[in-house]
Amino acid sequence: MRIVICDDNYSTINFVHNSLERLAKTSDWKVEFVLTTRKHTSVQQFLTLHRAEVYYISVDLENDEGFALAEEIRQRDPQAEIVLLSTSATTLATVDDTVVKSYQMLLQEQTAHFEKRLLEGFTALYNQKG
């Protein structure tokens, strides 16, 4: 399973990457982190030639670029799974998900609760598509 992570916070990128990587190794799952970046433009460039099965996208990116990026991913790859991340519960509550049709929305807390929800969602996704 190919994974892309886009968040403007290095700490969040590392947290998501390391949590998923540990789970994959423990479960003996084949996953590949094809792109981890702070820039939405890097994901846009990636999409011109490549695809991933799962995209972890922060909707907190500057100038609402995160949600626009998620919409672009959905347009280019209707089969992709998109997980929207935000540091604000209010932001997630106001997201109109009719276009993106995200797989999951997660409040980024970098706590055991966030990691549990992250791993539960990824486990279900891997079991479904793996």
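Look up a bit, the structure's there.
What you are looking at is a predicted structure, and each value in this text was computed from that prediction instead of being measured.

Visitor: Just checking my understanding: could you explain helix H1 (residues 10–27) for this structure?
Guide: Because each turn of an α-helix spans 3.6 residues, side chains separated by three or four positions end up pointing in the same direction. End to end, H1 covers 26 Å across 18 residues, agreeing with the expected 26 Å (1.5 Å per residue, within 8%). Among all positions of H1, only Thr12, Ile13, Phe15, Val16, His17, Ser19, Leu20, Leu23 and Ala24 are buried. Residues of H1 that are buried in the fold lie against strand S1 (2–6), strand S2 (32–37), strand S3 (54–58), strand S4 (81–86) and helix H5 (112–129). By the N-cap criterion, in which a side-chain oxygen at the helix start approaches the backbone nitrogen of a residue two or three places on, H1 is capped by Asn9, the distance to Ser11 being 2.7 Å. Taken from the residues just after H1, Asp28 is the one with a positive phi, measuring 60 degrees.

Visitor: Looking at this model, I keep getting lost on the sheet that holds S1. Mind explaining?
Guide: Strand pairing in a sheet relies on backbone hydrogen bonds, with the paired strands running either antiparallel or parallel. Ordered in space as S2-S1-S3-S4-S5, the five strands form an open sheet in which the pairing is parallel. Two strands in the sheet have a free side with no partner beyond their single neighbour: S2 and strand S5 (104–107). Each strand of the sheet is rotated relative to its neighbour by a mean of 15 degrees, with strand direction disregarded. Inspection of the sheet shows S1 paired to S2 by five bridges, in the parallel sense. Bridging across to S2, Cys6 finds its partner in Thr37. Strands S1, S3, S4 and S5 of the sheet are contacted by H5, whose axis makes an angle of about 160 degrees with S5.

Here is what the cut-offs are and how they apply
- Going along each chain's sequence as written, the residues are numbered from 1 onward.
- The predicted nature of this model means local features are confined to residues of pLDDT at least 70 and side-chain atom pairs, given and counted, to a pLDDT of 80 or more, with totals for whole chains, interfaces and linings taken over all residues.
- The side-chain numbers reported here are obtained from all heavy atoms of the structure, hydrogens and water having been left aside.
- Secondary structure is summarised from DSSP: a helix means a run of H or I of at least four residues, a strand means a run of E of at least two, and numbering begins at the N terminus for each.
- The span you would expect from a helix comes to 1.5 Å times its residue count less one.
- The buried label goes to any residue with under 20% of its type's maximum accessible area, the exposed label to any with over 50%, and the partly exposed label to all in between, with areas taken from a 1.4 Å probe on protein chains only.
- Any pair of residues with heavy atoms lying within 4.5 Å of one another is described as a contacting pair.
- Side-chain atoms alone can form a polar contact between residues adjacent in sequence; in general such a contact is a pair of N or O atoms within 3.5 Å, and within protein one must be able to donate a hydrogen while the other accepts it.
- Between any two strands, at least two bridges found by DSSP are needed for them to pair.
- Between N-to-C directions, angles cover 0 to 180 degrees, with each direction set by a line fitted to C-alpha atoms, over the stretch in contact for helices.

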